[in-house]
Amino acid sequence: MVYRVFVEKKEGLRAEAAALKNDAKTQLGISRLEDVRIINRYDVENIDEELFEECIWKVFAEPQLDNVAGDIEELFLGQHACKFGVEALPGQFDQRADSAEQCIQFISQGER
């Protein structure tokens, strides 16, 4: 089974999103852009649900810094929001995925 969780920085802690918004406005000329949000989606498979639940706040998110949702609709995006996804190309190294895999392996004390 594949488990999915969405993680976003809390309001006031979204420096990466603010920088991306600034870049879009200045470099791409998207002057009417009102807000940018970065929501990381993690898909995890080949582990049990109990381990996944344990890893949500130990691997994917920090309680003081992040909001977590099991469904993208739980993170209100607004009526006129546009959303798109970005992922590594096949064969391209994904630092975030590799780090998450290593952390889950440490927690489970099992195979990667």
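Our subject is the structure listed above.
Cut-off values and rules
- Residues numbered from 1 in each chain as written.
- Predicted model: local features only at pLDDT ≥ 70, side-chain atom pairs only at ≥ 80, totals over all residues.
- Heavy atoms only, no water.
- Phe/Tyr/Trp six-rings, centres within 6.5 Å; stacked < 30°, edge-to-face > 60°.
- Helix = DSSP H or I, 4+ residues; strand = E, 2+ residues; numbered from the N terminus.
- Buried < 20%, exposed > 50% of the residue type's maximum accessible area, 1.4 Å probe, protein only.
- Polar contact = N/O pair within 3.5 Å; in protein donor to acceptor, adjacent residues only side chain to side chain.
- Contact = heavy atoms within 4.5 Å.
- Core = buried A, V, L, I, M, F, W, Y, C linked by side-chain atoms within 4.5 Å.
- Axes fitted to C-alpha atoms, helices over the stretch in contact; angles between N-to-C directions.
- Parallel < 35°, antiparallel > 145°, perpendicular 65-115°, else oblique.
- Left-handed = near helix turned anticlockwise from the far one by under 90°.
- Nonpolar A, V, L, I, M, F, W, Y, C, P; charged D, E, K, R; others polar.

Enquirer: Give a description of the packing of aromatic side chains that names residues and reports values.
Expert: Per the counting criterion, the structure on display carries three aromatic pairs. Judged by centre distance (4.7 Å) and plane angle (40°), the rings of tyrosine 42 and phenylalanine 60 are tilted. Remark: phenylalanine 60 occurs in helix α2 (residues 49–60) and tyrosine 42 occurs in strand β2 (residues 39–45); sequence separation between them is 18 residues. By relative accessible area, which is 11% here, tyrosine 42 ends up buried. Chaining the aromatic ring pairs together yields one cluster made of Tyr3, Tyr42, Phe52 and Phe60.

Enquirer: Break down unusual backbone geometry for me, citing the residues and quoting the values.
Expert: Note on backbone geometry: most residues besides glycine have negative phi, and most peptide bonds are trans. Of note in this structure, asparagine 46 is not a glycine but carries a positive phi near 65°. Among the structural elements, asparagine 46 can be located in the loop between β2 and α2.

Enquirer: Describe in detail the side chain of arginine 14, supporting the description with residues and values.
Expert: Within the fold, arginine 14 resides in the loop between β1 (2–9) and α1 (15–26). Separated by 2.8 Å, the side chain of arginine 14 and the backbone oxygen of lysine 9 make a polar contact. Filtering out sequence-adjacent residues up to four positions away, arginine 14 remains in contact with Glu8, Lys9, Arg37 and Asn67.

Enquirer: So what's going on with the nonpolar core? Residues and values would help.
Expert: Judged by nonpolar contacts, the single largest core of 14 residues is most densely connected at Val5, Val7, Val44, Ile47, Phe52, Phe60 and Ile104. If one sorts the elements of this core by residue count, α2 sits on top with five residues. In this structure isoleucine 104 touches Val44, Ile47, Leu51, Cys55, Val59 and Phe60, once residues within four positions along its chain are discounted.

Enquirer: For the packing of α2 against helix α3 (residues 95–108), give the residues involved together with the corresponding values.
Expert: It is the contact of α2 with α3, at a shortest axis distance of 10 Å, that shows an interaxial angle of 125°. The orientation of α2 relative to α3 falls into the category oblique. When you trace α2 past α3, the crossing you get is right-handed. Judged by residue contacts, Leu51, Glu54, Cys55, Lys58, Val59 and Phe60 of α2 engage Ala100, Cys103, Ile104, Ile107 and Ser108 from α3. Along the lines of polarity and charge, the residues of the contact of α2 with α3 split into eight nonpolar, one polar and two charged.

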